[in-house]
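Below, each chain spelled out in residue letters.
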Amino acid sequence: MSRAEEIGAGVGAKDPAQDIPWGALAILFTAHFVVDGTVNFIAPLLPLIREQFQVSLSTGGLLLTFVSMSAAISQPVTAVLVDRWPGLPWLAFGMVGSALFITSIGWAPNFTVLTVMVAVGGSMVGLCHPDMASRAGALSEHRKGLVVSVFIAGGRVGHGLGPVIAIGIVSLGGMKWLWSFTLVAIAMALAVKYGLPKPQSPPTSGENKASIWDFVTALRQAGTPLLLLSGVTICRAVVNINFISLIPSLYAEHGMSIWSGGAASAIMLTSGALGVLAGGALGDRFGKKELIVGGIGLGALCVCAFLIAPPEWGFVLLAFLGVATYLPMGVTMAFAQQLMPHNRGLASSITLGLSWFIASLSVYPMSVLGEWFGLANAFWALPGFFVAACAFACFLPKVR
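It should be emphasised that the depicted structure is a prediction, and the values quoted were computed from it without experimental measurement. (Residues numbered from 1 in each chain as written. Predicted model: local features only at pLDDT ≥ 70, side-chain atom pairs only at ≥ 80, totals over all residues. Heavy atoms only, no water.)

Here's the deal with the overall build of the protein
Across its full length, the protein carries 18 helices and 0 strands. In the protein, buried positions account for 58% of the 400 residues. Pairs at least 24 residues apart make up 86% of the contacts formed inside the protein by residues separated by at least 6 positions. A total accessible area of about 15500 Å² is found for the protein, and carbon and sulfur atoms account for 69% of it. (Helix = DSSP H or I, 4+ residues; strand = E, 2+ residues; numbered from the N terminus. Buried < 20%, exposed > 50% of the residue type's maximum accessible area, 1.4 Å probe, protein only. Contact = heavy atoms within 4.5 Å. Areas by Shrake-Rupley, 256 points an atom, 1.4 Å probe, with all protein chains shown as cover.)

Right, dumping it as structure tokens:
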């Protein structure tokens, strides 16, 4: 029996009456909101940062690349650590540390120090996601798609409202008061410590802890489906990260205010939370492959419509784009965790962290193209990545 058939057989017997621990899920939802909200403080403030330090769009694009790369590149490593030592406070430490460094950008004396702060803060974010995803995947085996999607929706809402929170704090007190958001991160770290069940211990391989060979074996058993899934998530992440990072600058290019750029990001990402929730429920009901192909195809149409329409229509179209882009997100993570059931943290880091790291490398080239041809024209390269993602998804095994 193939690995795909084993997965299909394993998920066939699910209990619809299985209770979901909503209290623990609510804490993970809010923790994900805080983490992703913090990491998305940079993009909406980029026009102000460029003005303060007198840097170009491409140099500002490097700053966005650093925060995305540092947040993503550390995740595969920290995922192995989380799977090996799940009892350590990775999430609490990473949540407070990332908030402390990223919100300290208001005190940076120059652009170099600012870049270092952002990179360190992004690295601390890398501690959070594997831990959160592993905990979410363990909450319910029978409703995994829905549970993981609810957890991911917290991050999408955080990404969406992060720009609004950042702009609101800066508007009221200036950049130096961004640090106040760290108090929220400390409160959530306490909620995680005292409100979540202890993480599950990893299976042993004749010793007290799983060995590196166990992780290598898990990757080999996941095989081609995991490679295809990685191709899907990388291509989808390229579109996503460029919209998240450069939409505020695109609206500034159109002569619109910083609030317009922040609102555009908030609309796309908040509606993305609805897409994640809908995707989780639909994926559990109709199949993960079908949901992934349909969501990506719809996203390609929405990107083209956004680029054709006048900027005023962009707010409406970004809402549809957010739903379509994030429909497959929770499903792909749940799919990866089914491929690697004993290494949930590593599975999530591949579909989120590693994919996000590779995709983050596209932000700087896109910002350079934006300087040469204008961001609106440069964005026409993005639908091609959705086409590639759809091609990868068509070869995935069917999983219900």
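Describing the pattern of salt bridges
When the charged atoms of two side chains lie near each other, side chains of opposite charge can form a pair. Taken as a whole, this structure holds 1 salt bridge when the rule is applied. For Asp 131, the salt bridge identified is with Arg 135, shortest N-O distance 2.6 Å. On the criterion of helical spacing, the pair formed by Asp 131 and Arg 135 is a turn pair, its members being 4 residues apart in helix H7 (residues 111-139). As far as burial versus exposure is concerned, Asp 131 and Arg 135 are alike and both buried. (Salt bridge = Lys/Arg side-chain N within 4 Å of Asp/Glu carboxyl O.)

Structural notes on the state of the cysteines
Scanning the entire structure with this criterion turns up 0 disulfides. Cys 394 provides the cysteine sulfur closest to Cys 390, a residue in no disulfide bond, and the two sulfurs are 4.7 Å apart. On the accessibility criterion, Cys 394 (42% relative accessible area) is partly exposed. (Disulfide = S-S within 2.5 Å.)

Observations regarding the packing of aromatic side chains
With the rule as written, the count across this model stands at 7 aromatic pairs. Aromatic side chains Phe 243 and Phe 379 sit 5.1 Å apart centroid to centroid with 55 degrees between the ring planes, which places their arrangement in the tilted category. Highlighted residues: Phe 243 in helix H10 (residues 212-253) and Phe 379 in the loop between helix H17 (375-378) and helix H18 (383-394), separated in sequence by 136 residues. The residues Phe 243 and Phe 379 share a single accessibility class, namely buried. Ring geometry for Tyr 251 and Phe 315: centres 5.3 Å apart, planes at 55 degrees, overall tilted. Here Phe 315 lies in helix H13 (residues 314-326) and Tyr 251 lies in helix H10, a separation of 64 residues in the sequence. In this structure Tyr 251 comes out as buried when scored by relative accessible area, which is 1%. (Phe/Tyr/Trp six-rings, centres within 6.5 Å; stacked < 30°, edge-to-face > 60°.)

Topic: a nonpolar patch on the surface
Judged by side-chain polarity, Trp 107, Trp 177, Trp 179, Leu 183, Ile 186, Leu 190 and Tyr 194 come together as a nonpolar surface patch covering roughly 830 Å² of accessible area. Looking at the element boundaries, Leu 190 is found in helix H9 (residues 182-195). We classify Leu 190 as partly exposed; its relative accessible area is 48%. (Patch = residues over 30% accessible without salt bridge, like charges linked within 9 Å, V, L, I, M, F, W, Y side chains within 5 Å.)

Re unusual backbone geometry
Here the phi dihedral of Gln 54 falls at roughly 55 degrees; this positive angle occurs in a residue that is not glycine. Secondary-structure assignment places Gln 54 in the loop between helix H3 (42-53) and helix H4 (57-73).

A short note on the side chain of Thr 38
One can find Thr 38 in helix H2 (residues 22-39). Judged by its relative accessible area of 1%, Thr 38 is buried. Polar side-chain contacts of Thr 38 include one of 2.8 Å to the backbone oxygen of Val 34. Not counting residues up to four positions away in its chain, the partners in contact with Thr 38 are Ser 98, Ala 99, Ile 102 and Phe 181. (Polar contact = N/O pair within 3.5 Å; in protein donor to acceptor, adjacent residues only side chain to side chain.)

Digging into the confidence of the model for the protein
The share of residues in the protein with pLDDT of 70 or more is 84%, and the mean pLDDT across the chain is 80. When the elements of the protein are averaged for pLDDT, helix H1 (residues 3-10) gives the smallest value, 46, and H9 the largest, 92. In this model residues 204-209 is a low-confidence stretch, pLDDT under 50, and it forms 3 contacts with partners more than four residues away in sequence or in other chains. (pLDDT = per-residue confidence, 0-100.)

Observations regarding the packing of helix H11 (residues 258-286) against helix H12 (residues 288-308)
Viewed as axis vectors pointing N to C, H11 and H12 meet at an angle of 135 degrees, and their least axial separation amounts to 7 Å. By the criterion of interaxial angle, the relationship of H11 to H12 is oblique. Taking contact as the criterion, the partners of Gly 279, Leu 282, Gly 283, Asp 284 and Phe 286 in H11 are, on H12, Lys 288, Glu 290 and Leu 291. (Axes fitted to C-alpha atoms, helices over the stretch in contact; angles between N-to-C directions. Parallel < 35°, antiparallel > 145°, perpendicular 65-115°, else oblique.)

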